[in-house]
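In case you want the letters, here they are:
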Amino acid sequence: MQKKYLKQALKLFGSNAFQGYDNLRYEFIESIHEMITRDVADEVIAASDKLVKNADFWDNGDRKTQHIILRIMIAVQTGQIGLAKEIATANMDIDDVRQQWVSFLESQENFDEAEKILLEAPRNNAWQKERWDDSLTGLYVMSDQKAKVIPLLRKRVLSHQTNAYELYKNIMIDDNLWEKIYPNFLKEMEKKLTRYEFGDILVTEKEYSKLLDQLKKYDSAPMIRKYLPELYPHRKKEVAALYYDKVVVPESKKDSANAPRQLRKDLDDFFEVSGDGKLVQRWIKQLQLQLADKPEFLEFLSLATRNIEMSKKDY
């Protein structure tokens with residue numbers, strides 16, 4: 001019965017039922033890997049090999065990668081660990097194969113070998129660097145190597161991998177060290193991170209005064225727009241004044257075709273965040289006086305006024 005089911009599965013695996021969905025094709029065969037024994041292993045591999053040879057122009061090597069991973073999985077399943085290692089080592093230049101073998105080593109608690117493979121992984125671009133640093137972090141956490149994970153996480157955060165921030169913070173809190181290192185670490189992040197990366201950290205830490213200082217320092221309309229929703233509820237007057245002076249007024253002075261539409265959006269966005277229709281209407285009246293000879297702006301200012309009037313918000 002089992003062999004009959006496997007034959008049907010292989011027929012489906014090699015059919016056009018998965019056309020355009022090779023990831024599902026291989027997920028399907030992996031879901032029944034426990035049924036694969038040595039006497040049928042070659043048959044499964046042959047079916048996969050045929051798919052690789054028949055790959056069309058649009059295949060970017062995914063079938064080859066999936067085929068190699070399947071071979072590794074079958075070798076492990078059938079107790080041929082040496083063969084599995086041989087296949088993995090020969091194809092370690094493929095990132096997904098490297099990750100697959102590392103996952104197997106972790107499952108065997110062979111953390112030293114897994115660490116070696118991750119440290120040797122190519123880090124030719126930011127995506128690769130983050131992928132392998134993230135895997136290395138996971139390995140250190142899994143194997144309870146705190147002495148290694150703490151400096152790695154710190155380095156990752158300061159190297160623009162700010163997704164590692166929360167884990168770093170939580171580990172330092174557990175060790176009762178966060179309050180001690182936080183002030184200097186904040187200064188380091190300000191020096192080494194981009195303005196937006198650092199701004200996001202300040203939002204996370206509810207450092208609203210420091211965030212406001214950053215907005216004033218960079219004098220950037222896009223940055224003020226981005227952090228308006230987080231900052232306004234905590235520094236209403238200061239943020240309103242900054243938004244008007246650095247976002248609304250400069251936009252009203254632009255000659256670009258999109259400026260009137262952007263100005264209306266800026267007014268709408270501020271009203272949406274603040275709910276302060278009276279203030280926005282005062283801004284609009286001032287702008288209407290200043291832009292009286294620019295009908296293209298007046299049209300969009302009228303639309304902004306209408307948006308406030310139609311809103312159900314109390315102001």
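Please read all numbers here as calculations on a predicted model, not as lab measurements.

1. Things to note about the overall build of the protein chain
Logical step 1: Counting its regular elements, the protein chain contains 18 helices and zero strands.
Logical step 2: For a compact globule of 315 residues, the expected C-alpha radius of gyration is about 20 Å, and the protein chain comes in at 29 Å, more than 25% above that figure.
Logical step 3: Here the C-alpha coordinates of the protein chain stretch approximately 85 × 50 × 35 Å along the principal axes.
Logical step 4: Each of the 315 residues in the protein chain was classed as buried or not, and the buried ones make up 43%.
Logical step 5: In the protein chain, 54% of the contacts between residues at least 6 apart in sequence involve partners at least 24 apart.
Logical step 6: Carbon and sulfur atoms make up 50% of the accessible area of the protein chain, which totals about 18,100 Å².
Logical step 7: Separation between the mean location of the 50 positive side-chain charges and that of the 52 negative ones in the protein chain comes to 3 Å.

2. A few points about the packing of helix α7 (residues 111-120) against helix α8 (residues 126-142)
Logical step 1: It is at 10 Å that the axes of α7 and α8 come closest, and there the two elements cross at 165°. On the basis of their axis angle, the class for α7 and α8 is roughly antiparallel. At the point where α7 passes α8, the crossing takes the left-handed sense. Residue-level contacts link F111, A114, E115, L118 and L119 of α7 to W132, S135, L136, L139, Y140 and M142 of α8.

3. What to know about the pattern of salt bridges
Logical step 1: All chains considered together, the criterion is met by 20 salt bridges.
Logical step 2: A salt bridge links K116 to E120; the shortest N-O distance between them is 2.9 Å. In this pair, K116 and E120 are both assigned in helix α7, four residues apart and thus about one turn of the helix distant.
Logical step 3: Judged by relative accessible area, K116 falls into the partly exposed class, the value being 44%.
Logical step 4: One salt bridge in this structure joins E238 and K216, with 4.0 Å as the shortest N-O distance. Of this pair, E238 sits in helix α15 (residues 236-252) while K216 sits in helix α13 (residues 208-218), and the two are 22 residues apart along the sequence.

4. A closer look at the packing of aromatic side chains
Logical step 1: Applying the stated criterion to the full structure yields 13 aromatic pairs.
Logical step 2: Between the aromatic rings of Y165 and F185, the centroid separation amounts to 6.5 Å while the plane-to-plane angle is 5°, which identifies the pairing as stacked. Here F185 lies in helix α11 (residues 178-192) and Y165 lies in helix α10 (residues 165-174), a separation of 20 residues in the sequence. Each member of the pair, Y165 together with F185, is buried.
Logical step 3: Three or more aromatic residues joined by ring pairs make a cluster, and in this case those are Y165, Y168, W178, Y182 and F185.

5. A closer look at helix α2 (residues 22-31)
Within an α-helix, residues lying three or four positions from one another point in the same direction, as the helix has 3.6 residues per turn.
Logical step 1: Within the span of α2, buried status applies to D22, R25, Y26, F28 and I29. Within α2, the buried residues cover an arc of 150° as seen down the axis, which keeps them to one side.

6. Quick notes on the packing of helix α6 (residues 95-107) against α8
Logical step 1: It is the contact of α6 with α8, at a shortest axis distance of 12 Å, that shows an interaxial angle of 5°. By the angle class used here, α6 and α8 are roughly parallel. Contacts from D95, D96, R98, Q99 and E106 in α6 reach W127, Q128, R131, W132, S135, L139 and M142 in α8.
Logical step 2: Looking at the contact of α6 with α8 residue by residue, the classes come out as four nonpolar, three polar and five charged.

Rules of the game
Residues numbered from 1 in each chain as written. Predicted model: local features only at pLDDT ≥ 70, side-chain atom pairs only at ≥ 80, totals over all residues. Heavy atoms only, no water. Helix = DSSP H or I, 4+ residues; strand = E, 2+ residues; numbered from the N terminus. Rg over C-alpha atoms; globule rule 2.2 N^0.38 Å. Buried < 20%, exposed > 50% of the residue type's maximum accessible area, 1.4 Å probe, protein only. Contact = heavy atoms within 4.5 Å. Areas by Shrake-Rupley, 256 points an atom, 1.4 Å probe, with all protein chains shown as cover. Lys, Arg positive; Asp, Glu negative; His and termini not counted. Charge placed at Lys NZ, Arg CZ, Asp CG, Glu CD. Axes fitted to C-alpha atoms, helices over the stretch in contact; angles between N-to-C directions. Parallel < 35°, antiparallel > 145°, perpendicular 65-115°, else oblique. Left-handed = near helix turned anticlockwise from the far one by under 90°. Salt bridge = Lys/Arg side-chain N within 4 Å of Asp/Glu carboxyl O. Phe/Tyr/Trp six-rings, centres within 6.5 Å; stacked < 30°, edge-to-face > 60°. Arc of directions from axis to C-beta. Nonpolar A, V, L, I, M, F, W, Y, C, P; charged D, E, K, R; others polar.

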